[in-house]
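# Inside the fold
Next come the chains, spelled out residue by residue.
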Amino acid sequence: RCCRRAGWRRQSYSMSSVYVKFSRQFGIASFASLSVYLRNLLLVPVLTRTLGASEYGAWVQIFALTELLAAVALLGLSHALLRFMAQRRAEGMVADDFFSILTATAATGTVLAVLGVLLSDVGAEAFFDSADSGHLLRMALGLVPVSVTSSMVLFYFRASRRILLCSSLHLVESLGYVTLAIAFVFSGMGILGVIAALLILRALVAVVGAVLVIRQIGICLPTFACLRPFLAFGLPFVPLGIFTWVTSISDRYVLAYYFDTGTSGIYSVSYGLGSLVGIFFSPLFFILA
């Protein structure tokens, strides 16, 4: 009876510590999630008043396109990293896995960005009123490989359960992006300033995060041995990301195609305010994954 009672106490203490750790990580992730949503909320009045509804609508569509291409370029390997990293760490394969995935996704992102550049004038004429916006789209496509790299670094920290570090990098990106974007827009750079601000901050997160990863696991030449099983797990997630993008973003392109980018911009502001409810559930998804 005493042994059973002692075992019950140990189990209760273990469960309690798990809940405490989960609650602590949930609280930390909430700050990171709040910073992402507040970033959009703080930028909306500045961008709409300075750029106008039409240019703001163009920026929203350009940003949505780069996010879609970056999500596709990840090839679902970020999900595979979350799923298998603990097991692979025990086998001593983390460094090879990480650099194999990073190389494959960065190369895919670069290829998609190049294809986007080749088709930029056609896309600008169809959705941004004229082909003159093609240069904005071409610059924004540089975000794709940079976003892929920063995303993989952040996913590594999530898979390592280093939630504080991951959330801190999210916070730095959000606050830095808001500050730089406002400064660039008021200096007269317009949409180019917004794109440049996001490009600079994501590149900074990618570089700082990569340095921290290398300090932890070292660096090695990728063998790509993990790609086949990881792709088998991750690729089925790619259509899910595309369908999610279609249901949440594609309506802006419909409005811009049949009306104009100004209508799309006004709609995007309303949609962004309504999406603030995501503050309450996104941290839970962040930790549970």
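Quick summary incoming for the structure in this document. (Residues numbered from 1 in each chain as written. Predicted model: local features only at pLDDT ≥ 70, side-chain atom pairs only at ≥ 80, totals over all residues. Heavy atoms only, no water.)

## Considering empty space enclosed by the protein
All chains considered together, the criterion is met by one cavity of 30 Å³ or more. Considering only enclosed or pocket space, the largest cavity measures out at about 40 Å³ in volume. Of all the elements in the fold, those that place two or more residues in the lining of the largest cavity are helix H2 (77–90) and helix H3 (94–118). Tallied by class, residues from the lining of the largest cavity come to five nonpolar, no polar and two charged. (1 Å grid on protein atoms, 1.4 Å probe; cavity = no way out; pocket = protein on both sides within 12 Å on 5 of 7 lines; lining within 4 Å. Points joined across faces, edges and corners; volume = space filled by probe spheres on them. Helix = DSSP H or I, 4+ residues; strand = E, 2+ residues; numbered from the N terminus. Nonpolar A, V, L, I, M, F, W, Y, C, P; charged D, E, K, R; others polar.)

## Overview of the pattern of salt bridges
The full count for this structure, using the stated rule, is four salt bridges. Close ionic contact of Arg202 with Glu67 constitutes a salt bridge, the shortest N to O distance being 2.8 Å. With Arg202 in helix H8 (residues 191–217) and Glu67 in helix H1 (residues 2–73), the pair connects residues that are 135 residues apart, well separated along the chain. Of the charged contacts, one joins Asp97 and Arg88 as a salt bridge, the two residues approaching to 2.6 Å between their closest N and O atoms. For Asp97, a relative accessible area of 3% puts it in the buried group. Residue Arg88 is classed as buried on the basis of its relative accessible area, which comes to 17%. Each of the salt bridges in this network shares a partner with another, and the network as a whole consists of Glu67, Glu173 and Arg202. (Salt bridge = Lys/Arg side-chain N within 4 Å of Asp/Glu carboxyl O. Buried < 20%, exposed > 50% of the residue type's maximum accessible area, 1.4 Å probe, protein only.)

## Overview of helix H6 (residues 143–159)
Along its 17 residues, H6 runs 24 Å from first to last C-alpha, staying within 8% of the 24 Å computed at 1.5 Å per residue. Burial analysis of H6 places 14 of its 17 residues in the buried class, which makes it a mostly covered element. Following H6 by one or two positions, Arg161 adopts a phi angle in the positive range, close to 60°. (Expected span 1.5 Å × (residues − 1).)

## A closer look at the side chain of Ser78
Mapped onto the elements of the fold, Ser78 is located in helix H2. Excluding its chain neighbours within four sequence positions, the residues that come into contact with Ser78 are Met152 and Phe155. (Contact = heavy atoms within 4.5 Å.)

## Some thoughts on the packing of aromatic side chains
Two descriptors summarise a pair of aromatic rings, namely the distance from one centre to the other and the angle between the planes of the rings. One pass over the full model with this rule turns up nine aromatic pairs. Ring geometry for Tyr257 and Tyr258: centres 5.2 Å apart, planes at 80°, overall edge-to-face. Through pairs of rings, three or more aromatic residues link up here, namely Phe84, Phe230, Phe233 and Phe237. (Phe/Tyr/Trp six-rings, centres within 6.5 Å; stacked < 30°, edge-to-face > 60°.)

## With respect to the state of the cysteines
What makes a disulfide is a covalent bond joining the sulfur atoms belonging to two cysteines. Across all of its chains, the model carries zero disulfides by this definition. Cys220 forms no disulfide, and the closest cysteine sulfur to it belongs to Cys226, at a distance of 10.0 Å. For Cys220, a relative accessible area of 27% corresponds to the partly exposed category. (Disulfide = S-S within 2.5 Å.)

## Remarks on helix H10 (residues 237–258)
Over its 22 residues, H10 runs 31 Å from end to end, which matches the ideal 32 Å to within 8%, given 1.5 Å per residue. At Ile249, H10 shows its maximal kink, close to 50°. Taken as a whole, H10 has its buried residues at Val238, Trp245, Ile249, Arg252, Tyr253, Leu255 and Ala256. (Bend = angle between axes of the 7 residues up to and from the residue.)

## Side note on the packing of H6 against helix H7 (residues 163–186)
With their axes 8 Å apart at the nearest point, H6 and H7 run at an angle of 150° to one another. Between H6 and H7, the crossing angle belongs to the class labelled roughly antiparallel. Between H6 and H7, the contacting residues are Leu154, Phe157 and Arg158 on the first element and Leu165, Cys166, Leu169 and His170 on the second. Considering only residue class, the contact of H6 with H7 consists of five nonpolar, one polar and one charged. (Axes fitted to C-alpha atoms, helices over the stretch in contact; angles between N-to-C directions. Parallel < 35°, antiparallel > 145°, perpendicular 65-115°, else oblique.)

## Here's the deal with the environment of Ala73
With respect to the secondary-structure elements, Ala73 resides in helix H1. Residues Ala73 and Thr48, spaced 25 residues apart in sequence, show a C-alpha to C-alpha distance of 30 Å. Ignoring anything within four residues of it in the chain, the contact list for Ala73 reads Thr105, Thr108, Gly109, Leu112 and Val148.

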